[in-house]
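Here are the chains, one letter per residue:
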Amino acid sequence: MKIQLRQGTDSFKLTAQSFKRAYLLIQSVGNGGTSTPSTTDINLNNLNVTIELHQSGETYLTSFNAVAPTVLGALKSKNPNSVSAIGFDTNGTACRGNIVSTVTGNFVNEVYVPLLWDGYVLGEQDYVKFTTTTIQGFFGGANTSNSSFYIVVEEGAEVNQLDINIPIYYPITIDKTNPQFNEELASELYLINSVPNYTFETQPFRSIELRSNHLNDAYDLYTLETLSNVYGYGRAKDYGSNLIFNVEPSRLSHVLVNMDVNTANVTNGANWLFISRVCSNEMVAHNAIIRQEKFNTRKAIQAGLIKERTHRYKNHK
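## Points about the sheet that holds strand β2 (residues 9-15)
The strands that make up a sheet are held in pairs by hydrogen bonds between backbone atoms, and each pair lies either parallel or antiparallel. Across the sheet, which stays open at both edges, the four strands sit in the order β2-β11-β5-β6 with antiparallel pairing between neighbours. Each having just a single partner strand, β2 and β6 (58-65) make up the two edges of the open sheet. Ignoring which end each strand starts from, the neighbouring axes of this sheet average 10 degrees apart. As paired strands, β2 and strand β11 (residues 127-134) are joined by seven bridges and run antiparallel to one another.

Shown next, in the form of structure tokens:
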């Protein structure tokens with residue numbers, strides 16, 4: 001499902017639907033064959049997103065601009081050059097986008113902005129509402145009026161959801177050298193830097209300490225640099241972004257994050273802490289157990305491993 005969104009404020013609401021992931025696809029179309037892509041073509045700082053998720057009687061909200069999720073999506077990509085291919089400007093808030101094609105002499109660049117992933121199951125009374133707001137200057141540089149952006153929802157027949165995961169992006173700013181964050185439950189944590197031409201001397205993150213019920217760890221400046229070069233495979237090391245932990249679909253509880261930040265190297269709007277917040281919901285978990293049993297039983301029947309009439313799966317229909 002692909003829906004074009006209007007500039008200004010627009011929204012899209014989805015209900016009674018299972019989907020694997022939802023994301024924004026931004027397409028920048030150049031102004032004629034003589035223009036070339038510029039790092040100011042798409043100002044991600046001028047695109048704000050609000051997600052309102054209502055499931056099993058509970059409502060969850062999160063809001064962010066498009067800078068941090070764009071980098072996060074690139075870090076999660078299998079493409080080893082996905083971060084640098086985005087072509088961020090020197091401030092780390094605008095970009096060129098990935099060059100995908102040339103149509104009748106006009107370049108076409110794309111930016112992928114993840115919204116929700118890992119699967120969601122919406123019942124008849126559930127919904128998720130995506131609201132986007134762009135301000136003047138979202139499309140700049142050599143863009144034409146043909147430039148546009150869309151919300152894409154990838155549907156899935158056998159999607160199951162045990163937890164409710166909400167993406168949270170905490171901005172790292174120049175006014176706090178030791179920010180602290182608390183989460184009751186979390187499954188992922190990333191440090192995000194979108195400023196290009198990164199060097200060890202310009203790293204904004206001096207250290208990070210994680211405390212939880214099962215995992216306690218600390219990373220100093222040199223360890224973070226090692227992670228950038230080893231884990232990054234060319235995609236993280238140029239920007240100094242880092243995966244700190246990812247235990248999805250499990251979770252850590254009573255999470256405390258302490259950071260030491262070199263504020264002289266912080267660029268407002270370009271440095272973030274991403275946490276995948278886990279919101280437990282008893283009804284969602286109960287439905288997931290029943291749903292998984294149905295999936296497994298159906299596959300076993302199709303494979304001839306069991307007979308349908310002898311299995312209690314029929315009682316769940």
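## Focus: the nonpolar core
I26, I208, M259 and L273 are the most contacted members of the largest nonpolar core, which has 71 residues in total. Ignoring sequence-local partners within four residues, the contact set of M259 consists of I172, T177, N178, P179, F181, L191, F205, S207, I208 and L273.

## Some details on the pairing of strand β9 (residues 106-116)
Counting buried residues along β9, nine of its eleven residues qualify, which places the element largely inside the surrounding structure. Sheet topology note: the strand β3 (residues 18-29)/β9 ladder contains eight bridges and is antiparallel. When the sheet's bridge partners are listed, L24 is paired in β9 with V113.

## Some thoughts on the pattern of salt bridges
For the structure on display, the rule yields seven salt bridges. Across the pair R206 and D260 runs a salt bridge whose closest N-O atoms are separated by 3.7 Å. Within this pair, whereas R206 is found in strand β15 (residues 205-211), its partner D260 is found in strand β18 (residues 252-261), the two being separated by 54 residues in sequence. Looking at R206, the relative accessible area reads 36%, which means it is partly exposed.

Each value, and the rule that gives it
- Residues numbered from 1 in each chain as written.
- Predicted model: local features only at pLDDT ≥ 70, side-chain atom pairs only at ≥ 80, totals over all residues.
- Heavy atoms only, no water.
- Pairing = 2+ DSSP bridges.
- Helix = DSSP H or I, 4+ residues; strand = E, 2+ residues; numbered from the N terminus.
- Axes fitted to C-alpha atoms, helices over the stretch in contact; angles between N-to-C directions.
- Core = buried A, V, L, I, M, F, W, Y, C linked by side-chain atoms within 4.5 Å.
- Buried < 20%, exposed > 50% of the residue type's maximum accessible area, 1.4 Å probe, protein only.
- Contact = heavy atoms within 4.5 Å.
- Salt bridge = Lys/Arg side-chain N within 4 Å of Asp/Glu carboxyl O.

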